[in-house]
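Fold and geometry: a report
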Amino acid sequence: MKKFIVFLVGLIIVISCRMFLENNFNKLNKETGDLIENNITNEVIQEKKIDDWRIRLVNYENVLPDNYEIELKNIDSTRQFDARAIEELINMMTAMKKDGITNIWVQSSYRSITRQREIFDKKVNTYLLQGKTQEEAERLTLQTINKPGTSDHNLGLAIDFNYIDYAFDELKGFKWLQQNAEKYGFILRYRKDKEDITKVNYEPWHWRYVGVEHAKKINELDFCLEEYIDFLKEN
């Protein structure tokens, strides 16, 4: 009888332990599944936040494919811009003129990757003729010209105003852009205080279309585009 009681007690303990382990295992599985599901959901939401043509990032780390194509429309007889954003550009230029800014014009806009390669190689060759090594020539060139496929101009979303001249930031038009460009979806792409992040020297003439919503948020956060993309990925 004692043996039977001992056996029964042991069986009850084994069954209880098994039930306890199964319940906790199922709970753990559910929590793990929920966590995985939440992470997947967050990744999907995150991808939606940055999967926006207006804020596509091209730089030294993000290169466009050689066959990248977009629909373009003419600003004038020679210059083109992304067809989806050209109306905002035209509206901004019109608003500047209405406010008395008549000495600002579009000097450079869309460039094909082939054209970007020509400009880049020409600058590199200039430095080579000065006696620089290939490495030195490319490093110096990258301070002012992006490699093919890494320029906003290749996206058709960038504008260089007037001549490539640092005195541009002394013009009334530059001050106007600082105060009003975001209303039309444009930001100063290469800021003086963000050179360590963009890896490009300050360019007061270079403005990038990102859309009104993003432009206002970027300026509000005091970010450059690289920082803003990281912000979207983390939030």
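Concerning the overall build of the protein chain
Assigned secondary structure in the protein chain consists of nine helices and six strands. The buried share among the 235 residues of the protein chain stands at 37%. Taking the contacts inside the protein chain whose residues are at least 6 apart along the sequence as the reference set, 71% of them involve residues at least 24 apart. Accessible surface, the protein chain: about 14600 Å² in total, of which carbon and sulfur atoms supply 53%.

Notes on the confidence of the model for the protein chain
Chain-level pLDDT for the protein chain is 86 on average; 79% of the residues reach the 70-or-more range. Scored below 50 in pLDDT, residues 40-49 makes six contacts in the model with residues more than four places away or belonging to other chains.

Some points on the packing of helix α3 (residues 113-129) against helix α4 (residues 134-141)
As a packed pair, α3 and α4 sit with axes 8 Å apart at the nearest point and diverge in direction by 125°. If you check the angle between α3 and α4, you find them oblique. For the pair α3 and α4, the sense of crossing is right-handed. Of the residues in α4, those in contact with F120, K123, V124, Y127 and L128 of α3 are Q134, A137, E138, L140 and T141. Per-class residue counts for the contact of α3 with α4 are six nonpolar, two polar and two charged.

Comments concerning α3
With 17 residues, α3 should cover 24 Å at 1.5 Å per step; its first-to-last C-alpha distance of 24 Å lies within 8% of that length. Looking at α3, one finds that the buried residues are I113, Q116, F120, V124 and Y127. The arc that holds every buried residue of α3, seen down its axis, measures 60°, which confines them to one face. Opposite the buried face of α3, by more than 90 degrees, sit the exposed residues K122 and L129. Contacts made by the buried residues of α3 are with α4 and α5 (152-155). Where α3 terminates, the next one or two residues include G131, which has phi positive at roughly 95°.

Here's the deal with the packing of aromatic side chains
Per the counting criterion, the structure on display carries 12 aromatic pairs. Ring geometry for Y166 against W205: centres 5.1 Å apart, planes inclined by 65°, an arrangement best described as edge-to-face. Taken together, the positions of Y166 in the loop between β4 (158-161) and α6 (172-180) and W205 in strand β6 (residues 203-209) put the pair 39 residues apart, joining distant regions of the chain. Take W205: its relative accessible area is 4%, and that puts it in the buried class. Aromatic rings pair up to connect W53, F81, F186 and Y209 into one cluster. Across the ring face of W53, the terminal group of R84 is positioned such that the distance to the ring centre comes to 3.9 Å.

Overview of the sheet that holds strand β3 (residues 106-108)
Strand order in the open sheet formed by four strands is β3-β4-β6-β5, with antiparallel pairing between adjacent strands. Both outer strands of the open sheet, β3 and β5 (186-190), are each paired with one neighbouring strand and no more. Neighbouring strand axes in the sheet, compared pairwise and without regard to direction, differ in orientation by 50° on average. Looking at chain direction, β4 and β6 are connected through three bridges and run antiparallel.

Details of the environment of F223
Relative to the assigned elements, F223 resides in the loop between α8 (212-221) and α9 (225-234). Sequence separation between F223 and R191 is 32 residues, and the spatial gap between their C-alpha atoms is 9.5 Å.

Overview of the nonpolar core
The biggest cluster of nonpolar side chains holds 30 residues, and the ones touching the most others in it are M92, F161, L177, F186 and W207. Going through the elements one at a time, α2 (86-98), β4, α6, β5 and β6 are the ones with two or more residues in this core. Top element by residues in this core is α2. It accounts for six residues.

Calculation notes
Residues numbered from 1 in each chain as written. Predicted model: local features only at pLDDT ≥ 70, side-chain atom pairs only at ≥ 80, totals over all residues. Heavy atoms only, no water. Helix = DSSP H or I, 4+ residues; strand = E, 2+ residues; numbered from the N terminus. Buried < 20%, exposed > 50% of the residue type's maximum accessible area, 1.4 Å probe, protein only. Contact = heavy atoms within 4.5 Å. Areas by Shrake-Rupley, 256 points an atom, 1.4 Å probe, with all protein chains shown as cover. pLDDT = per-residue confidence, 0-100. Axes fitted to C-alpha atoms, helices over the stretch in contact; angles between N-to-C directions. Parallel < 35°, antiparallel > 145°, perpendicular 65-115°, else oblique. Left-handed = near helix turned anticlockwise from the far one by under 90°. Nonpolar A, V, L, I, M, F, W, Y, C, P; charged D, E, K, R; others polar. Expected span 1.5 Å × (residues − 1). Arc of directions from axis to C-beta. Phe/Tyr/Trp six-rings, centres within 6.5 Å; stacked < 30°, edge-to-face > 60°. Lys NZ or Arg CZ within 6 Å of the ring centre and 35° of its normal. Pairing = 2+ DSSP bridges. Core = buried A, V, L, I, M, F, W, Y, C linked by side-chain atoms within 4.5 Å.

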